[in-house]
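Descriptive analysis of the structure
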Amino acid sequence: MDVYLPIANLSVNGLLIVALGGLTGVLSGLFGVGGGFLTTPLLIFYGIPPTVAAASAATQVTGASVSGVLAHRRRGGVDYQLGTVAVGGGIFGAMIGALLFRLLQAIGQIDVVINLLYVIMLGAIGTLMLQEALSVLRPRPGQTPKVRKRRHHPLVASLPMRWRFYRSGLYISPLAPFLMGVFVGILTMLMGVGGGFILVPVMLYILGMSGNVVVGTSLFQILFVTMATTMVHALTTKAVDIVLAGLLLLGSVLGAQFGTQIALKARPEILRLVLAAIVLAVALRMLFGLGVQPDEIYTVAPL
Amino acid sequence: MRAWFLVLAAFLLMGQRDAILVPAVSQDEVQVRQGFTGTELILYGAILDPRGQRGGAAYDIVVVLKGPTEPIRIREKERILGIWMNAESSDFRSAPSFFAVAASRPVDQIVDERTAAIYELGTQFIQLSPSGQIEPEKQARFAAGLVDLRRRQGRYKEDVSGVAISEQVLYQARIELPSNVVTGQYTAETFAISRGQVIASAIAEVEVRKVGFERFVEVFSQLYALWYGLAAVFLSVSMGWIAGRLFAYI
């Protein structure tokens, strides 16, 4: 089924795009990550211009996270208070990201920086997840699997001003989730990702949030920050392809529901192992392009 | 029908001494709409000898189809500290967004290199108008990089058997436009070449434009960016919400 994308200016196989959306939808339902880290590189690989890919992927992540947020809300798994603070930071970060995008584009290093960010972020997160998943699956003899005490990082405790976040069970400075939001907002704008793969570990291990609200709150943050990113892209780069986003959405909203169903049945360690493998595979692919053989030696930018 | 009319019209104009080339295009407008996967343009026509005889002089036909030009910057990646990053760059004022050459024989058998360069009868002869001071060697390297890139995207191409000539009078060239063509005015230049000399040339124009929903989306995104963005957000939120509600009851 050929579909012509009016902003990307080319025709694509519609079913393939829906399937790609479905794949990332399953991921988002399973893990609470938006799946943008997979959509954007695959779209670029398919031949969609990078800016259009990043902008439309952000729009898609919005849709995927709506159904996720709804599902988690029914279970009371969203800390709206902490989420709102993080969203504020995220929108601020998206604007910083837009400025950085322009600056890097002007000096001609935007694609290198995006690739580097992918390698560093996904490489680090993937390795951590892999280690954890493996240690849970195969505990070493003589070592009882240690139950991690939920605590926030000492740096978080040193920030001034403290608020109570009841749902998350925290008494910390709102600056901590705000800064987290800023950081993820920048990444959303630059990489076309929701940032769930960073939010979830930061919420768990640095903020020390209670586990049952982590995924819901992360999706809540992603929902609003990707909305802001879509708007920033629509106003500045004009690269949001509504047809492309619609196709991706069709796949992802359906996929997300299946993902949620699977998440209820499957063993969490296995799921984490699978996610770690996917994340590492994307990071390695990017590293290959950066260190061994770039996809293209020459690139063209309009003046 | 139309071809015959043109041939007839050309005969009437045959007072001059030079050969006359009468070109026509299968469609003077390419409409990009939903489901557009590219199209095949047929550029055909007739060449008429002023002395009224045919088959006298064997000639070749070369058709050059050029899309709208745009100013571009080409960047070249280099390995710095083990990482491939953009190093040198070079600006060109008029890179055609599409460039196709179709000929009845390999161009180097038809004309010498100088003539080919003058009429841009090949992707290596595209006049890109470099801006600023640039050494010829570097310019050639960047131009070759651009041609290679766009050739693989299907936007620059050469087809040395893309023109069929019948009875030394009628010719027909087929050029495939891929789906990723840029919209705008395309010009098709047809050259009749005999014994290494261009004996006649003619220009035909083709307009590629988006129509219907595709045009609406493009214009809307440019002129009403705020509303376009809101529409995209609304679409994604409502699709997510509807799916969430539907599945909640299943």
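Each residue is numbered by its place in its chain's sequence as written, counting from 1. Note on labels: chains are lettered from A, ligands numbered from 1, in written order. Note on the predicted model: pLDDT of at least 70 is required for a residue's local features to be given, and 80 or more for side-chain atom pairs to be given and counted; whole-chain, interface and lining totals, by contrast, use all residues.

Overview of the overall build of chain A
Along chain A, the regular secondary structure elements total eleven helices and five strands. Its C-alpha radius of gyration of 19 Å places chain A within 12% of the 19 Å reference for a compact globule of 303 residues. Projected onto the principal axes, the alpha-carbon positions of chain A cover approximately 55 × 40 × 40 Å. Buried positions account for 56% of the 303 residues belonging to chain A. By definition, residues are in contact whenever their C-beta atoms, placed on the basis of the backbone, come within 7 Å of each other. Within chain A, residue pairs in contact and separated by at least 24 positions form 80% of the contacts whose partners lie at least 6 positions apart. Only DSSP runs of H or I with at least four residues qualify as helices, and only runs of E with at least two residues qualify as strands; both kinds are numbered from the N terminus onward. Throughout, the radius of gyration refers to the C-alpha atoms, and the reference size of a globule is 2.2 Å times the residue count to the power 0.38. Labels follow a simple rule on C-beta atoms placed from the backbone: if 20 or more others lie within 10 Å of a residue's own, it is buried; if 12 or fewer, it is exposed; otherwise it is partly exposed.

Some thoughts on the domain arrangement of chain B
Residue and element names in this part refer to chain B. Boundaries between domains were set according to an automatic or database domain assignment. Per the domain assignment, the segments making up chain B are domain 1 (2–206) and domain 2 (211–250). Contact residues are listed per partner, giving four residues for domain 1 and four residues for domain 2. All residues other than Ala, Val, Leu, Ile, Met, Phe, Trp, Tyr, Cys, Pro, Asp, Glu, Lys and Arg, Gly among them, are scored as polar; the first ten of these are nonpolar and the last four charged. Among the residues making up the side of domain 1 that touches domain 2, the classes are represented as one nonpolar, two polar and one charged.

Examining the sheet that holds strand β5 (residues 298–302) of chain A
Pairing within the open sheet is antiparallel, and its three strands lie in the order β5(A)-β5(B)-β6(B). Across the chains shown, the open sheet's two edge strands, defined by having one partner strand only, are β5 of chain A together with β6 (83–96) of chain B. The average angle at which neighbouring strand axes cross in this sheet is 25°, direction not considered. Looking at chain direction, β5 of chain A and strand β5 (residues 69–80) of chain B are connected through five bridges and run antiparallel. We call two strands paired when DSSP finds no fewer than two bridges between them. Axis definition: a line fitted to C-alpha atoms, over the contacting stretch in the case of helices. Angles run 0 to 180 degrees between N-to-C directions.

Considerations on the nonpolar core
For the purposes of this analysis, a nonpolar core is taken to be any set of buried Ala, Val, Leu, Ile, Met, Phe, Trp, Tyr and Cys residues that are connected through C-beta atoms within 7 Å. Within the largest apolar cluster, 163 residues are counted, with the highest numbers of intra-cluster contacts made by Leu5 and Val279 of chain A together with Val62 and Val63 of chain B. It is helix α9 (residues 211–235) of chain A that contributes the most residues to this core, 14 residues altogether. In this structure, Leu5 of chain A is in contact with Leu10, Val12, Asp241, Val243 and Leu244 of chain A, ignoring residues within four places of it in sequence.

Describing the interface of chain A and chain B
Across the boundary between the two partners, chain A contributes 45 residues, which contact 48 residues of chain B. Across the side of chain A that touches chain B, the residue classes tally to 28 nonpolar, 14 polar and three charged.

Examining the sheet that holds strand β9 (residues 163–166) of chain B
All names here are of chain B. Sheet architecture is open: four strands sit in the order β1-β3-β10-β9, paired in antiparallel fashion. Only two strands of the sheet have a single neighbouring strand rather than two, namely β1 (20–25) and β9. When strand polarity is set aside, the average angle formed by the axes of neighbouring strands in this sheet is 20°. Note that β9 and strand β10 (residues 170–177) share four bridges and pair antiparallel. Across the sheet, the residue bridging to Ile165 is Tyr171, located in β10.

Overview of the environment of Ile110 of chain B
All names here are of chain B. With respect to the secondary-structure elements, Ile110 resides in helix α2 (residues 107–110). On the basis of neighbour counts, which here come to 23 C-beta atoms within 10 Å, the residue Ile110 falls in the buried class. Sequence separation between Ile110 and Ala200 is 90 residues, and the spatial gap between their C-alpha atoms is 14 Å. Leave out the neighbours within four places in its chain, and Ile110 touches Asp60, Val62, Ala103, Arg105 and Ile193.

Things to note about the pairing of strand β4 (residues 60–66) of chain B
Residues and elements named next belong to chain B. Counting buried positions along β4 yields six of seven residues, so the element is predominantly enclosed. One ladder, built from seven bridges, connects β4 with strand β11 (residues 184–194); its direction is antiparallel. Bridged to Val64 within β11 is Glu189. Sheet topology note: the β4/strand β7 (residues 99–103) ladder contains five bridges and is antiparallel. Across the sheet, Lys66 pairs through a bridge with Phe99, a residue of β7.

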